[in-house]
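Examining the three-dimensional arrangement
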Amino acid sequence: MVSDTRAPDSSPARRTGILTRSDTRLGAGLRIVLPAIWLGLLIGISLLEAPLKFQAPGITIPLGLGIGRLVFTAMNIVEVVLALTLLWATLRAGVGSVQRGLTWALTAVLLLKVAGVRPLLNRRTDMVLAGIDDGGSSWHYLYIAADGLLIVGLVALLVVAVRASVRPHGAPLA
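Worth saying up front: this structure is predicted, and the values here are computed from it rather than measured.

A look at the pattern of salt bridges
- As enumerated under the stated definition, the model contains four salt bridges in all.
- Among the salt bridges present, the one from K113 reaches E79, with a minimum N-O distance of 2.9 Å. On the criterion of sequence distance, the pair formed by K113 in helix α4 (residues 97-129) and E79 in helix α3 (residues 61-93) is long-range, its members being 34 residues apart. Comparing K113 with E79 shows no difference in burial state: the two are buried.
- With a shortest N-O distance of 2.5 Å, D147 and K113 are connected by a salt bridge. Within this pair, whereas D147 is found in helix α5 (residues 139-166), its partner K113 is found in helix α4, the two being separated by 34 residues in sequence. In this pair, the class of D147 matches that of K113, namely buried.
- Salt bridges linked by common partners bring E79, K113 and D147 together as one network.

Side note on the nonpolar core
- One finds W38 and L42 to be the most contacted residues of the largest nonpolar core, which totals 25 residues.
- Among the elements of the structure, α2 (25-53), α3, α4 and α5 are those that each provide at least two residues to this core.
- Discounting residues that sit within four places of it in the chain, L42 has contacts with L47, M75, E79, K113, D147, L150, I151 and L154.

Quick look at the packing of aromatic side chains
- Taken as a whole, this structure holds one aromatic pair when the rule is applied.
- Relative to Y143, the ring of F72 lies with its centre 5.7 Å away and its plane at 80 degrees, an arrangement referred to as edge-to-face. With a gap of 71 residues between them, F72 in helix α3 and Y143 in helix α5 connect regions that are remote in the sequence.
- Take F72: its relative accessible area is 13%, and that puts it in the buried class.
- Classification of Y143 by relative accessible area gives buried; the value is 7%.

Considering the layout of surface pockets
- Empty space within the largest pocket amounts to approximately 740 Å³.
- Lining the largest pocket are 29 residues; nearest its centre among them are A50, F54, F72, L121 and H140.
- Among the elements of the structure, α2, α3, α4 and α5 are those that each provide at least two residues to the lining of the largest pocket.
- If one sorts the elements of the lining of the largest pocket by residue count, α5 sits on top with seven residues.
- Residue composition of the lining of the largest pocket, grouped by class: 13 nonpolar, 10 polar and six charged.

What about α4?
- End to end, α4 covers 46 Å across 33 residues, agreeing with the expected 48 Å (1.5 Å per residue, within 8%).
- Listing the buried residues of α4 in full gives Q99, T103, L106, T107, V109, L110, K113, V117, R118, L121, T125 and V128.
- Where α4 is buried, its residues meet α2, α3 and α5.

Some words on the confidence of the model for the protein chain
- Overall, the prediction assigns the protein chain a mean pLDDT of 85, with 81% of residues at 70 or greater.
- Every residue in residues 1-21 scores below 50 in pLDDT, and together they form 33 contacts with partners more than four places removed in sequence or on other chains.

Each value, and the rule that gives it
Residues numbered from 1 in each chain as written. Predicted model: local features only at pLDDT ≥ 70, side-chain atom pairs only at ≥ 80, totals over all residues. Heavy atoms only, no water. Salt bridge = Lys/Arg side-chain N within 4 Å of Asp/Glu carboxyl O. Helix = DSSP H or I, 4+ residues; strand = E, 2+ residues; numbered from the N terminus. Buried < 20%, exposed > 50% of the residue type's maximum accessible area, 1.4 Å probe, protein only. Core = buried A, V, L, I, M, F, W, Y, C linked by side-chain atoms within 4.5 Å. Contact = heavy atoms within 4.5 Å. Phe/Tyr/Trp six-rings, centres within 6.5 Å; stacked < 30°, edge-to-face > 60°. 1 Å grid on protein atoms, 1.4 Å probe; cavity = no way out; pocket = protein on both sides within 12 Å on 5 of 7 lines; lining within 4 Å. Points joined across faces, edges and corners; volume = space filled by probe spheres on them. Nonpolar A, V, L, I, M, F, W, Y, C, P; charged D, E, K, R; others polar. Expected span 1.5 Å × (residues − 1). pLDDT = per-residue confidence, 0-100.

Given below as structure tokens:
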């Protein structure tokens, strides 16, 4: 019996992200399902709920801001859990560099959004609720840009993850 003396990460299957013996169906499934859930969350909350909330009858600025703060705090917590689980499923499997790079990039954008921009927006919300500020803030544009980057990155990650999971063993990328 001949044994393979190559390092585990040196095989072509490991470099391209194809499901290998060291990978699991759970890991491969998570690398598709988690970005899809995250994408749906962003579309549902950031693109639909947030702008429509202020058009509802009887919604005042303070009420809308209070609801928004609760909803976005919950969403950000879910996003962090999704990102950490996705990182675990990606790093554990030794997937291809594109998939790994996209996952790290998405995590970095999320970290910037949650730890950098959200606290600034929360301070502005506090000022508006206290009647000190009129609510106009350019920080919202940075938050929207971060969500836009996440949406584009998650679509790209989904394409890469699905292609890696359905490609026959050893087949090159099309």
